[in-house]
Protein chains: 2
Amino acid sequence: MKDARKIKDLLYEQVARIGKVFSSPKRLELIELLCQGEKTVETLAREASISVKLTSSHLRELRMAQLVETERQGKNILYRLANKSVADLWVQVHTLAEERLVDLQLALQKIATQPDDLVANDRESLLKAARKGEVVVLDVRPSEEYLNAHLPFARSIPLEELRQRLAELPKDRSIVAYCRGPYCLMAVDAVTLLKQEGYTAIHLREGVAEWALASSTT
Amino acid sequence: MKDARKIKDLLYEQVARIGKVFSSPKRLELIELLCQGEKTVETLAREASISVKLTSSHLRELRMAQLVETERQGKNILYRLANKSVADLWVQVHTLAEERLVDLQLALQKIATQPDDLVANDRESLLKAARKGEVVVLDVRPSEEYLNAHLPFARSIPLEELRQRLAELPKDRSIVAYCRGPYCLMAVDAVTLLKQEGYTAIHLREGVAEWALASSTT
DNA sequence: TTTACATTCTAGTAATCACTGGAATGATTA
DNA sequence: TAATCATTCCAGTGATTACTAGAATGTAAA
């Protein structure tokens, strides 16, 4: 058979369809947003700072690669990831990127004002401390995202409300703030604010998707 | 800060560099070949059925994304994956593709003449049977690839030599043949040949990379 | 029906990409 | 030195991509 080549080309082409989805920065951002739960086109567009129309076309790419599903809800159309594997792959791709790309490492270092990130193997000890109430795990994402899924023992105070609700937080314990993941800056802002106000605050780079993948493989 | 957008764009752009590598069919094929061990440009070009020059430029992309390393060995330059994570990501990408893309599922079904694939959860039982010698695990890849890494208890008979070396195989036990992975057709050919010659032969879709990832996560 | 949400079509721009061919350059071995 | 392996530069083709804009279409709630 000399058509072995044709068959192979066809197979790799199909796999490349998935790869293509992960080759556009904006599409990656949309995937990360969808990792936080289902969202409307408008929300996605706003959060990713692009037009509704462009969002729509990126979502179309995602739909054609079978990576997202849609559901009509009244006037809105909700988009969600088709599968946990999609969120997992996003985490694995950005993890490999962080592992290999020096430029990305440098950019991430600039974001963290202090070297106060908790790293992956601290997950167990964080969990233990949170269970005992020794630290407060703080979810600063919008509350819908918290309601969809959150880290164990986490409390929700969206970044927008944080300044008004500071009184809810204790000053005698460490506050571990997290948001959507390493590329979301909300937790960074939260930590900055908390430190200004005299709290002990730590930034956790992991989001729900990162936590879920790490938990399922250990 | 209104430059939060700029920072985010920069971060996602970096991750997309990795995604871009996985968006070209030929690059995927090169990655799969490199999963079998280090290879020269010439070998890669021949195996992927493309020109040396084009191979060289694809490898350049891979190098710029820090996913491969090179080493000079005499006249040749050897390429190898920078990291086990790269092989793992390849497996995860093609696994997700097989999970989500109906076209790919159909194409793969056509390849397997019989529905005689061993599936993932049979790994343990295959291992047990191989250990006891109840089945023969047969590696039909070129012997350099076998020497670089192979499945536990596997024996090496490259596809090219199989017809001449049939006598080495027993007729009273099942022969489980594998090659580079689900997109490599060598094991399919081997099984076809073995069945013609009266052997009991089964096709294992997993290659070394797939096996390694599955073993490390369970 | 009007309004809001969402997609689709067309059309266009600017950029990038995969691939080919020719010619030049290096590095290494014999 | 010549031969081999590999990369690079140039130039060019054809295709695809990301994005924007305007207009039309569809779907569902008020």
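Figured I'd write up the structure that's included with this text. Fair warning: this is a prediction, and the values are worked out from it, not measured in the lab.

1. A word on the overall build of chain A
Now for step 1: When helices and strands are counted, chain A shows 11 helices and eight strands.
Now for step 2: If one aligns the C-alpha atoms of chain A with their principal axes, the spans along those axes are about 70 × 40 × 30 Å.
Now for step 3: Among the 218 residues that make up chain A, the fraction classed as buried is 54%.
Now for step 4: Surface summary for chain A: the accessible area is close to 10400 Å², and the carbon and sulfur share equals 51%.
Now for step 5: For chain A, the distance from the average site of its 32 positive side-chain charges to the average site of its 31 negative ones is 4 Å.

2. What to know about helix H10 (residues 186-196) of chain B
Residues and elements named next belong to chain B.
Now for step 1: Met186, Ala187, Val188, Ala190, Val191, Leu193 and Leu194 are the residues of H10 that are buried.
Now for step 2: The inward-facing, buried residues of H10 abut helix H6 (102-111), strand S5 (135-139), helix H9 (159-162), strand S7 (174-178) and strand S8 (200-204).
Now for step 3: Looking at the residues trailing H10, positive phi occurs at Gly198, about 90°.

3. A short note on the packing of helix H7 (residues 123-132) of chain B against helix H11 (residues 208-216) of chain B
All names here are of chain B.
Now for step 1: Running from N to C, H7 and H11 cross one another at 110°; their axes reach a closest spacing of 12 Å. Compared by their axis directions, H7 and H11 come out roughly perpendicular. Every residue of H11 that contacts H7 at Arg123, Leu126 and Leu127 is listed here: Trp211, Ala214 and Ser215.
Now for step 2: Partitioning the contact of H7 with H11 into residue classes produces four nonpolar, one polar and one charged.

4. A look at the protein's contact with DNA strand C
Now for step 1: Looking at DNA strand C, there are 20 residues lining it, with Ser56, Asn76 and Tyr79 of chain A together with Lys53 and His58 of chain B nearest.
Now for step 2: For DNA strand C, a phosphate oxygen lies 2.7 Å from a polar atom in the side chain of Ser56 of chain A.
Now for step 3: Mapped by element, the contributors of at least two residues to the surface near DNA strand C are helix H3 (41-48), helix H4 (52-64) and strand S3 (76-81) of chain A together with helix H2 (25-34) and helix H4 (52-64) of chain B.
Now for step 4: Residues belonging to the surface near DNA strand C are distributed by class as follows: four nonpolar, six polar and 10 charged.

5. A few points about the protein's contact with DNA strand D
Now for step 1: With respect to spatial proximity, 20 residues lie near DNA strand D, and among them Lys53 and His58 of chain A together with Ser56, Asn76 and Tyr79 of chain B are the closest.
Now for step 2: Taking all atoms of DNA strand D within 4 Å of the protein, the share assigned to sugar and phosphate is 80%.
Now for step 3: Contact distances for DNA strand D include 3.0 Å between a base nitrogen and a side-chain N or O atom of Lys53 of chain A.
Now for step 4: Broken down by secondary-structure element, the contributors of at least two residues to the surface near DNA strand D are helix H2 (25-35) and H4 of chain A together with helix H3 (41-48), H4 and strand S3 (76-81) of chain B.
Now for step 5: Here the residues of the surface near DNA strand D sort into four nonpolar, six polar and 10 charged.

6. Quick word on the interface of chain A and chain B
Now for step 1: The partner chain B presents 52 residues to the 52 residues of chain A that form the contact.
Now for step 2: Between chain A and chain B lies a buried interface of about 4600 Å² when both sides are counted; carbon and sulfur atoms form 68% of it.
Now for step 3: For Lys26 of chain A, the salt bridge identified is with Asp9 of chain B, shortest N-O distance 3.2 Å.
Now for step 4: Sorting the residues of the side of chain A that touches chain B by element identifies helix H1 (4-21), H2, H3, helix H5 (84-100) and helix H6 (102-111) of chain A as the ones contributing at least two each.
Now for step 5: A total of 16 residues in the side of chain A that touches chain B trace back to one element, the largest contributor, which is H1 of chain A.

7. Re helix H1 (residues 4-21) of chain B
Now for step 1: Between the first and last C-alpha of H1 of chain B there are 27 Å, a value that for 18 residues agrees with the 26 Å anticipated at 1.5 Å per step.
Now for step 2: Within the span of H1 of chain B, buried status applies to Arg5, Lys8, Leu11, Tyr12, Gln14, Val15, Ala16, Ile18, Gly19 and Val21 of chain B.

8. Some remarks on the sheet that holds strand S1 (residues 39-40) of chain A
Residues and elements named next belong to chain A.
Now for step 1: Reading across from one edge, S1-S3-S2 is the order of the three strands in this open sheet, with antiparallel pairing throughout. For this open sheet the edge positions go to S1 and strand S2 (68-73), each flanked by a neighbour on one side alone.
Now for step 2: Judged from the two bridges that link them, S1 and S3 form a sheet pairing that is antiparallel. Along S3, the bridge assignment pairs Thr40 with Leu78.
Now for step 3: Taken strand by strand, H2 contacts S1, S2 and S3, and its axis lies near 95° from that of S3.

Rules of the game
- Residues numbered from 1 in each chain as written.
- Chains lettered and ligands numbered in written order.
- Predicted model: local features only at pLDDT ≥ 70, side-chain atom pairs only at ≥ 80, totals over all residues.
- Heavy atoms only, no water.
- Helix = DSSP H or I, 4+ residues; strand = E, 2+ residues; numbered from the N terminus.
- Buried < 20%, exposed > 50% of the residue type's maximum accessible area, 1.4 Å probe, protein only.
- Areas by Shrake-Rupley, 256 points an atom, 1.4 Å probe, with all protein chains shown as cover.
- Lys, Arg positive; Asp, Glu negative; His and termini not counted.
- Charge placed at Lys NZ, Arg CZ, Asp CG, Glu CD.
- Contact = heavy atoms within 4.5 Å.
- Axes fitted to C-alpha atoms, helices over the stretch in contact; angles between N-to-C directions.
- Parallel < 35°, antiparallel > 145°, perpendicular 65-115°, else oblique.
- Nonpolar A, V, L, I, M, F, W, Y, C, P; charged D, E, K, R; others polar.
- Near = heavy atom within 4 Å.
- Polar contact = N/O pair within 3.5 Å; in protein donor to acceptor, adjacent residues only side chain to side chain.
- Buried area = accessible area lost by both parts, 1.4 Å probe.
- Salt bridge = Lys/Arg side-chain N within 4 Å of Asp/Glu carboxyl O.
- Expected span 1.5 Å × (residues − 1).
- Pairing = 2+ DSSP bridges.

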